[in-house]
Amino acid sequence: MMAATFKCQPTGLHGSGIDAAAPRSSGNFGRFYSMRFACNTRCNTLRHVHTPLSISHDSSTESSLILIRHGESLWNEKNLFTGCCDVPLTQRGVEEAIEAGKRISFIPVDMIFTSALIRAQMTAMLAMTQHLQKKIPIIIHNENEEATTWTRVYSEKTTKQSIPVITAWELNERMYGELQGLNKQETAERYGKEKVHEWRRSFDIPPPKGESLEMCSKRAVSYFKDFIEPQLKSGKHVMVAAHGNSLRSIMMYLDRLTSQEVTTLELSTGVPLLYIYKEGKYMSRGSPVGPTEAGVYAYTQSLAVYRQQLDEMSP
Ligand SMILES: O=C(O)[C@@H](CO)OP(=O)(O)O
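Residues numbered from 1 in each chain as written. Predicted model: local features only at pLDDT ≥ 70, side-chain atom pairs only at ≥ 80, totals over all residues. Heavy atoms only, no water.

Side note on the site of the ligand
Lining the immediate environment of the ligand, one finds Arg69, Asn76, Leu80, Phe81, Thr82, Gly83, Glu173, Tyr176, Lys184, Arg200, Arg201 and Asn245. Gly83 is positioned such that a nitrogen or oxygen atom in its backbone is 2.7 Å from an oxygen atom of the ligand. At a separation of 2.9 Å, an oxygen atom of the ligand approaches a polar side-chain atom of Asn245. Compared with its free state, where it exposes 310 Å², the ligand has 95% of that area covered by protein. Of the residues that constitute the shell around the ligand, the class distribution is 3 nonpolar, 4 polar and 5 charged. (Near = heavy atom within 4 Å. Polar contact = N/O pair within 3.5 Å; in protein donor to acceptor, adjacent residues only side chain to side chain. Areas by Shrake-Rupley, 256 points an atom, 1.4 Å probe, with all protein chains shown as cover. Nonpolar A, V, L, I, M, F, W, Y, C, P; charged D, E, K, R; others polar.)

Description of the packing of aromatic side chains
A complete count under the given rule lists 8 aromatic pairs for this structure. Here the aromatic rings of Tyr191 and Trp199 are separated by 5.2 Å at their centres, their planes lie at 65°, and the arrangement is edge-to-face. The class of Tyr191 is partly exposed, set by a relative accessible area of 39%. Residue class for Trp199 comes out buried when judged on its relative accessible area of 7%. When the centroid spacing of 6.0 Å and the interplanar angle of 65° are considered together, the rings of Phe224 and Tyr253 count as edge-to-face. Of the two residues, Phe224 is situated in helix 9 (residues 213–233) and Tyr253 in helix 10 (residues 244–254); the sequence distance between them amounts to 29 residues. Overall, Tyr253 belongs to the partly exposed group, its relative accessible area being 27%. (Phe/Tyr/Trp six-rings, centres within 6.5 Å; stacked < 30°, edge-to-face > 60°. Buried < 20%, exposed > 50% of the residue type's maximum accessible area, 1.4 Å probe, protein only. Helix = DSSP H or I, 4+ residues; strand = E, 2+ residues; numbered from the N terminus.)

Spatial relationships are all this shows, so hold off on functional conclusions.
Here's what the structure looks like:
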């Protein structure tokens, strides 16, 4: 039987765009793999796959970018420095992810990027259970030849009903070094509030043997520019599920914040933020504070049309 080829689609809401045989990269955080996409290499051979929903794609095309910090984790609950430790969500975190999913259920999503950590992956998956588009998020495994072959999908129809999920260590939480697993309150009592605040929120001062926000930003923002931005440019709608500090650094890039301004940026768990990418610019459409569907997201015209289409399709 022939395997369905993952196609790059030039329009916003079509297909997965994943090249299942993509090359992989590696780095100093152990085993990780990132993806290249068919768009970069194979666009000439692509054909259109039509879905009932579409946002027009011309020079004024806009793509949505949803950023979401994971829901509460078991170490958030215990007030422990977590960093790159791979801790799952609490029940409350699960509920936050589902609630976040309801808030973005009418915003198009073609591709999902998550960190390599389970709390971000759980959040993305749980959020997508609420999406009105009813596509199924599928984690792409390209860790080796076998993983690629053994996870191949053999139905083009099924592929079209899927959303590829790319996991990347570069989107991980900042590595908190020797603070990982320590209680935040006890650490502040031991080293002093100011010192601990400096470790947690300064831009360029790393915690002992850990990453500063600046160091975290180098790998997270490079990944964003190299792998996520090209998808937005090609008209794909993207969700990124990641972490307080990897997202703060990405927002610093999107909102052009200074290294001083970013020190006061705080992200709540499980609150989705919406950006629109249009003509090379990012426009923030949703505030991190007080998320209600009516209050937060300023719809663009195409999003309003998309929403209307979804409403017409629902039973
Ligand atoms: O512990 C961590 O990994 C992070 C996020 O929870 O903490 P902070 O907010 O102090 O950067």
